[in-house]
Structure formats: C-alpha cells, structure tokens
Amino acid sequence: MNVHPRPHRGMAKISLFGIAAILMLAGIVAWASPTHSAVKDVIGPAPIDPLSLMANAKNLPSQESLTLEMWPDNGVVRY
C-alpha cells in the first residue's frame, strides 16, 4: 500500500528552487552580519599628548640655530 504519493515534477522543481533561494539568503545574511573580531577591534594610532611632549622636551636647538642650518646664507643667492 502506497501511503505517500509521489509529487509532480513541477512541484519538485519549485521545492528545489525554494530551498536554493533560502540557502542563498542565509548565506548573504551570514556574510553581512558583523560578527568578525576585526570589526570590533578598531586599530588606530596611539594617542599623543602634546602638553607632556612640550613639558618634557630638553636640549632642543633654538629657532635661530635651526634657521642657520636650513638656510646658511639666509636666502641670499651669490654668483
């Protein structure tokens, strides 16, 4: 005795396409969800405190000596 009749071929194709569509949708949702650890951990530059840099600066050259090093003739062109 046959309890479950066989489905029509058209129904089998519709079921196959439905399953494929659900799997594709699930893949797109899984790909788009932000569960990766790289998304959570933001890598950025280390914070710089300019006030502590200026307060702890020692043995720096003066502005005049830097100017003389960069432009020894003070911009005068001699031929």
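Being a predicted model, the structure only gives us computed values, none of them experimental. (Residues numbered from 1 in each chain as written. Predicted model: local features only at pLDDT ≥ 70, side-chain atom pairs only at ≥ 80, totals over all residues. Heavy atoms only, no water.)

(A) Spatial organisation of the overall build of the protein. The number of helices and strands found in the protein is four helices and zero strands. In the protein, the succession of helices and strands from N to C terminus is α-α-α-α. In the protein, which comprises 79 residues, the share counted as buried stands at 0%. Of the roughly 8400 Å² of accessible surface on the protein, 67% is carried by carbon and sulfur atoms. (Helix = DSSP H or I, 4+ residues; strand = E, 2+ residues; numbered from the N terminus. Buried < 20%, exposed > 50% of the residue type's maximum accessible area, 1.4 Å probe, protein only. Areas by Shrake-Rupley, 256 points an atom, 1.4 Å probe, with all protein chains shown as cover.)

(B) Spotlight on unusual backbone geometry. With a phi angle near 55°, N59 is a residue other than glycine that sits in the positive phi range. As for its position among the elements, N59 is in the loop between α3 (50–55) and α4 (63–70). Overall, the relative accessible area of 81% leaves N59 in the exposed class.

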